[in-house]
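Descriptive analysis of the structure
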Amino acid sequence: MGSSVVVVIAERKRLLQLKDQLGELSPAPQRLVAIGKGETPIAEVEELNPALTRKLRQRSMATWLIPFGFFAGLTFTFITDLDTFAFAGELGSHLIGGLLGLGSGWMGSFAAAASVSSEADDRVRALRNRLEEGNWLLLVEMPNGFEMPWTRLQEAKPKAVVRLNDN
């Protein structure tokens, strides 16, 4: 993923003109997403949807926390030699301990994902407020190694240009 910015524009006509102008550039942006009334809903844009970002972060954390939790629970039952689940037999007791650890890892992935706040959260909140005020947003993502067309963006007389990431 290359660098990306969100351009805040007051008029839909100017938004569509800018989108067409940027689409004709060489190299063209990787992504051009118009956001606002009559365009793409903001909830569908991953970069501007904190709930979707949190869900993706939870899934990626679960991929290593769940197996870690299973092996931690299994190891704990071997180390402590407790007979908490004696009804299941020796092997069953260790397996139940592992499954409980697995569940703990899964729950931990939710807690860990919710506790991490992105550095872009304030910027995204400001962009959402601009959208609610009746403005339109244009997400522009350029390929790696190519400069953002700053002069073209400034010619559209945007209210604001917010940098999301710079790779």
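Refer to the preceding data block for the structure.
Since the model is a prediction, treat every value here as computed from it, not as a measurement.

A word on unusual backbone geometry
Looking along the chain, the bond that leaves Ser26 and enters Pro27 is cis, with omega of 0°. Along the chain, Pro27 falls in the loop between helix H1 (12–23) and strand E2 (31–35). Its identity as a non-glycine residue notwithstanding, Asp81 has a phi of 55°, on the positive side. Among the secondary structure elements, Asp81 is positioned in the loop between helix H2 (50–80) and helix H3 (89–115).

Quick notes on the sheet that holds E2
Taken together, 4 strands build an open sheet; the order of strands is E2-E3-E1-E4 and the sheet is antiparallel. Either end of the sheet is taken by a strand with one partner, and the two such strands are E2 and strand E4 (160–165). Going across the sheet, the axis of each strand differs from the next one's by a mean of 20°, ignoring polarity. Of the pairings in the sheet, the one linking strand E1 (residues 4–9) to E4 comprises 5 bridges and is antiparallel in character.

A look at the environment of Gly103
Here Gly103 shows up in helix H3. For Gly103, a relative accessible area of 25% puts it in the partly exposed group. When the C-alpha positions of Gly103 and Leu65 are compared, they lie 9.6 Å apart, and in sequence the two are 38 residues distant.

Criteria and thresholds
Residues numbered from 1 in each chain as written. Predicted model: local features only at pLDDT ≥ 70, side-chain atom pairs only at ≥ 80, totals over all residues. Heavy atoms only, no water. Helix = DSSP H or I, 4+ residues; strand = E, 2+ residues; numbered from the N terminus. Pairing = 2+ DSSP bridges. Axes fitted to C-alpha atoms, helices over the stretch in contact; angles between N-to-C directions. Buried < 20%, exposed > 50% of the residue type's maximum accessible area, 1.4 Å probe, protein only.

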